[in-house]
Amino acid sequence: MSKDNTTKIRAKAFSVFYGQKQALYDINLDLPEQRVTAFIGPSGCGKSTFLRAINRMNDLIDGTSVTGSMVVDGIDVYSREVDVVTLRRRIGMVFQKSIPFPKSIYENITYGLTLTERRSKSELDSIVEESLKRAALWNEVKDRLHHSALSLSGGQQQRLCIARAIAVNPEILLMDEPCSALDPISTGKIEELIGELKSQYTIVLVTHNMQQAARVSDLTGFFLMGNLIEFDRTRTIFTSPTKKETEDYITGRFG
Amino acid sequence: MSTFTGHQSYPKRLLGFFAVLVAATAATAIVLLLLSLFGTFIYKGAPHISWEFLSQFPQNNNTEGGIWPALAGTTLLVLLMSILGVPIGTATAIYLTEYARQTSVFARSVRFAVNTLAGVPSIVFGLFGVGFFVQFLGKGIDTATGSSMFGDGSLLWASATLAVLTLPVVIVSVEEALKAVPRDLREGSLALGATRWQTIWKIVLPNSVTGILTGSILAVGRGAGEVAAILFVGVVYSTESLPGSVTEKFMHLGYHLYVLATQSPDVEKALPLQYATTLVLLGLTFLLNFTAIYIRSRLRKS
């Protein structure tokens, strides 16, 4: 496993329950800083649940409870002293169906920035430009920043949502199947972007697409029925997995 | 050996034919009924509608003149009703959709109360208005402040009564509007570190404002035609002037119609006025309903 970077996120004996139903079983996992970690596995295996547990988005579902610990930067995010709103500001998230807010492109980026403090117009302008540049969208939208974000194509909308997430300057970026609704060209752009962003962010990516995991991630975890079956360097997972389930899944024998 | 050819037996086909016949006749009858209803009121009422009719006070014991105080009273009533009812209804809907655990006992009780409220006959609301608003609240305020303005039926208490009556309409339509806001928008906002309230204020409400408006208009439409609920809480047979404050009594189109139909010394002379008043009342309610339907269809498209 990657010991060359400090651990950013550490799950210890972490379980999630939706009501009586257990969705994750005793997950133990160390995610290194400034690396891309991909989670793969069949639908319903718990990979998204794990991702959404990191910034506590699962809290929004009635009847969710957790045991064990999910430690980010040395603090258990489920401990009492944690303010979930502040936590989510430090952990950006990009969704499968990223719908931009029905506002202008500019307002989509500034949304997260203006939630807590007033900022000057020039400061906002520069953050908007910088975020859009980092999301590789600036050149396409710089002349129509005040047009509706809904006028953008699907791939552009997804990059806008990435720009929106990085505008608030998080340290971690969670991506929940960010390319599943996109065409191959847009997918390529997003994957390229992930590669560039990892120098600044710790990225956790959930994907159905195994080639994508192989292409963009440094580490890969394989989930099956709520259990973490195997977690290793991506190359190891895809060339010489130790578990039979992993091998079956990546060779397409089930899932 | 089975085949697909041949026909159903004769009795079966006959039964099918009769089923269609009965259903189609019933449907046609409804349409004809509605058309004849409208036709009658338009035919007999429209000739009497004039600017004078709309802008003058009733004269000569309701056998001449217009309906201005009733029209104005109804308008003031539903306006005040909306001011009182829509915020409360919207707040309740926000609580139910955005905050409450859907399975909690409290949320279920609120929902049960809303559904029950929707089924209560309006005359019961009228009695509730007298008992609660006039006798309890109004007399209470009067005793506490030493005034004598609140302890009697008035525009204020009638509006409050109607606000309670139309609350279910507001709550249900606002709830629908809030639920129509995609979950992904809420999650997107929360994931950026917005609080629940910021998400509601900046994302959910702006995207459901048309729905809230529709709900209010539907409530106004329901409230405008309601007579039984305000019967004991401030509506009067006739007034000298328009209400100068919310604690005064008022005239109302629906009640005026009842007065014209039953209390007139000369029924024959009052009849044309009755038709015209009915047409105004119908027009008002339909206008409001169609506005709501129009806004809703625009909302669906966008």
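Residues numbered from 1 in each chain as written. Chains lettered and ligands numbered in written order. Predicted model: local features only at pLDDT ≥ 70, side-chain atom pairs only at ≥ 80, totals over all residues.

Before going further, it helps to examine the overall build of chain B. Looking only at helices and strands, chain B features 11 helices and 2 strands. Ordering the α and β elements of chain B from the N terminus gives α-α-β-β-α-α-α-α-α-α-α-α-α. For 302 residues, the compact-globule estimate of 2.2 N^0.38 gives 19 Å, and the C-alpha radius of gyration of chain B, at 25 Å, exceeds that figure by more than 25%. The dimensions of chain B, computed from C-alpha atoms along their principal axes, are 85 × 65 × 35 Å. Here chain B holds 302 residues, and 38% of them are scored as buried. When contacts within chain B are restricted to residue pairs at least 6 apart in sequence, long-range pairs at least 24 apart make up 76% of them. (Helix = DSSP H or I, 4+ residues; strand = E, 2+ residues; numbered from the N terminus. Rg over C-alpha atoms; globule rule 2.2 N^0.38 Å. Buried ≥ 20, exposed ≤ 12 C-beta atoms within 10 Å, placed from the backbone. Contact = placed C-beta atoms within 7 Å.)

Another aspect to go through is the domain arrangement of chain B. All names here are of chain B. Per the domain assignment, the segments of chain B are domain 1 (10-46) and domain 2 (49-301). Computed from C-alpha coordinates alone, the two centres of domain 1 and domain 2 are separated by 33 Å. Each partner contributes residues to the interface: domain 1 has 5 residues there, and domain 2 has 6 residues. Class assignment for the residues of the side of domain 1 that touches domain 2 results in 3 nonpolar, 1 polar and 1 charged. (Domains from an automatic or database assignment. Nonpolar A, V, L, I, M, F, W, Y, C, P; charged D, E, K, R; others polar.)

The next thing to look at is the sheet that holds strand S5 (residues 75-76) of chain A. All names here are of chain A. One open sheet accounts for 4 strands, arranged S2-S1-S4-S5; its pairing is antiparallel. Strands with a single pairing partner mark the edges of an open sheet, and in this sheet they are strand S2 (21-32) and S5. Looking at chain direction, strand S4 (residues 64-72) and S5 are connected through 2 bridges and run antiparallel. Residue pairing for S5: Val 72 is matched across the bridge by Ile 75. (Pairing = 2+ DSSP bridges.)

Next up on the list: the sheet that holds strand S9 (residues 219-224) of chain A. Residue and element names in this part refer to chain A. The strand order across the open sheet built from 6 strands is S6-S7-S8-S3-S9-S10, with neighbouring strands paired in mixed fashion. Two strands lie at the open edges of the sheet, namely strand S6 (91-94) and strand S10 (227-233), each paired on one side alone. Taking each pair of neighbouring strands and ignoring which way they run, the sheet shows an average axis angle of 15 degrees. Bridge analysis of S9 against S10 gives 6 bridges, and the strand direction is antiparallel. Counterpart to Phe 223 in the pairing with S10 is Leu 228. Here helix H6 (residues 154-167) sits on the sheet in contact with S6 and strand S7 (172-176), set at roughly 170 degrees to S6. (Axes fitted to C-alpha atoms, helices over the stretch in contact; angles between N-to-C directions.)

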